[in-house]
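Structural features, examined
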Amino acid sequence: QVQLVESGGGLVQAGGSLRLSCAASGIIFSINAMGWYRQAPGKQRELVATITSGGDTRYADSVKGRFTISRANAKNMVYLQMNSLKPEDTAVYYCNADLWSVVLGRKEYWGQGSQVTVSS
């Protein structure tokens, strides 16, 4: 069974930093793109950043220059370094992975969500 487990959320003051981590576990053959999405109360889930297996990245305009996505392919992990946090960054952050598992083939997986709260 493949799982994505997140860690690193929490409460921080505006201007502060947090780092989210996500580990994919299970019998995984390969991982294509990995990414982070977020959902604020009353809003739809939105893309924050993605990274391909080759390291190509894409960011939402609202986080460019402040957030950095990275991954450790050998560890099946993806990270999101969040700097200069703003109250509007407050949301539940979800890890996402497009991967091939031995049992189910290619499928998209989501983490359980990690709360990030930025106080003003």
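Everything that follows concerns the structure shown earlier in this document.
The numbers attached to residues start from 1 for each chain and follow its sequence in the written order. Totals for whole chains, interfaces and linings use every residue, but because this is a predicted model, local features are given only for residues with pLDDT of at least 70 and side-chain atom pairs only at 80 or more, for both listing and counting. Working from all heavy atoms in the structure, the side-chain values ignore hydrogens and water.

**Brief notes about the overall build of the protein**
Convention followed: Helix and strand assignments come from DSSP, with helices taken as H or I runs of at least 4 residues and strands as E runs of at least 2, each series counted from the N terminus. Within these notes, the globule rule equals 2.2 Å times the number of residues to the 0.38 power, and the radius of gyration is based on C-alpha atoms.
Helix and strand content of the protein: 0 helices and 11 strands. Along the protein, helices and strands appear, N-terminal first, in the series β-β-β-β-β-β-β-β-β-β-β. Against the 2.2 N^0.38 benchmark of 14 Å for 120 residues, the protein shows a C-alpha radius of gyration of 14 Å, consistent with a compact globule. Along the first, second and third principal axes, the C-alpha set of the protein runs to 45 × 25 × 20 Å.

**A look at the pattern of salt bridges**
So the rule is basically this: Any carboxyl oxygen of Asp or Glu that lies within 4 Å of a side-chain nitrogen of Lys or Arg is treated as forming a salt bridge with it. Residue exposure (1.4 Å probe, protein chains only): buried if accessible area is under 20% of the type maximum, exposed if over 50%, otherwise partly exposed.
Scanning the entire structure with this criterion turns up 5 salt bridges. A salt bridge links Arg 38 to Glu 46, with the nearest nitrogen and oxygen atoms 2.7 Å apart. With a relative accessible area of 36%, Glu 46 lands in the partly exposed category. Measuring nitrogen to oxygen at the nearest pair gives 3.0 Å for the salt bridge that ties Asp 89 to Arg 38. One end of the pair, Asp 89, is in the loop between strand S8 (77-82) and strand S9 (91-101); the other, Arg 38, is in strand S4 (residues 28-39), and 51 residues separate them in sequence. Neither residue differs from the other here; Asp 89 and Arg 38 are each classed as buried.

**Some words on a nonpolar patch on the surface**
Here is the rule: What goes into a patch is any residue over 30% in relative accessible area without a salt bridge, connected to like charges within 9 Å or, for nonpolar side chains (Val, Leu, Ile, Met, Phe, Trp, Tyr), within 5 Å. Here the Shrake-Rupley method, with its probe set to 1.4 Å, supplies the accessible areas, and only the displayed protein chains count as covering residues.
A cluster of nonpolar side chains, Ile 27, Phe 29, Trp 100, Val 102, Val 103 and Leu 104, forms an exposed patch at the surface whose accessible area comes to about 690 Å². Tracing the backbone through its elements, the reader meets Trp 100 in strand S9.

**Digging into the pairing of strand S10 (residues 105-110)**
Defined as follows: Here a strand pair is declared whenever DSSP counts at least two bridges between the two strands.
Here S9 pairs with S10 via 6 bridges, running antiparallel. In the strand pairing of S10, Ala 97 is matched with Tyr 109. Counting the residues in the hairpin turn of S9 and S10 gives 3 residues.

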